[in-house]
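Structural overview
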Amino acid sequence: MSFRRKDAAPALAAIGLDGLPERLGAPRIAAVRVTASRDGRRLAEAGFPLAHPGWGASRFDLDAALADHARRAGAEIREH
């Protein structure tokens, strides 16, 4: 199985939002850990570093920042 890296940083920078995850206070995610448990007992656990770390930005915060940026650029934002 092959995965292609999808990095939003260049796209955010291209629209004037370079550094947005940091400004949102998003934590850097550099590793993952998976735990399987049943009935309160840990059955298995695995962890590994990510080849391409990312940011843990909340979708709510990201959407609000994008909408605000678009609004300031002159876009009409329609909600609901």
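Here the residue numbering is sequential within each chain, running from 1 through the sequence in written order. Reporting of local features is limited, given that this is a predicted model, to residues whose pLDDT is at least 70; pairs of side-chain atoms are given and counted only at 80 or more, and all residues count toward the totals for whole chains, interfaces and linings. Note that water and hydrogens are dropped before the side-chain values are worked out from all heavy atoms of the structure.

Some words on the packing of aromatic side chains
For clarity, the cut-off: Two rings belonging to Phe, Tyr or Trp (six-membered ring only in the last case) form a pair when the distance between their centres is within 6.5 Å. Interplanar angles under 30 degrees mark stacking, angles over 60 mark edge-to-face geometry, and anything in between is tilted. Throughout this description, the term charge over a ring refers to an Arg CZ or Lys NZ atom that lies within 6 Å of the ring centre and within 35 degrees of the ring normal.
In the structure shown here, the tally under the stated rule is 0 aromatic pairs. Note that R28 overlies the ring of W55, its terminal NZ or CZ placed 4.8 Å from the centroid.

Things to note about the pattern of salt bridges
Applied cut-off: The salt bridge definition used is simple: a Lys or Arg side-chain nitrogen within 4 Å of an Asp or Glu carboxyl oxygen. To qualify as a helix, a DSSP run of H or I must reach at least 4 residues; to qualify as a strand, a run of E must reach at least 2; elements of each kind are numbered from the N terminus.
According to the stated counting rule, one finds 6 salt bridges in the structure shown. The salt bridge involving R59 is made with D63; its shortest N-O contact spans 2.9 Å. Of the two residues, R59 and D63 are both situated in helix α3 (residues 59–72); the distance of 4 residues between them amounts to about one turn of the helix. Salt-bridge contacts for R78 lead to E76; the nearest nitrogen and oxygen are separated by 3.1 Å. Here the residues in one salt-bridge network are R33, R42 and E45, joined through shared partners.

Remarks on unusual backbone geometry
Phi is positive for D39, which is not a glycine, with a value near 55 degrees. Non-glycine residue H80 carries a positive phi angle of around 70 degrees. Mapped onto the elements, H80 comes out in the segment after α3.

Remarks on the side chain of H69
Which entries qualify depends on this criterion: Only protein chains enter the accessibility calculation, which uses a 1.4 Å probe. A residue is then buried if its area is under 20% of the maximum for its type, exposed if over 50%, and partly exposed in between. Pairs of residues are marked as contacts when any of their non-hydrogen atoms sit within 4.5 Å.
Along the chain, the position of H69 falls in helix α3. Using a relative accessible area of 19% as the deciding quantity, one classes H69 as buried. Discounting chain neighbours no more than four positions away, the residues touching H69 are I15, G16 and L17.

Any functional reading would require information beyond the geometric quantities listed.
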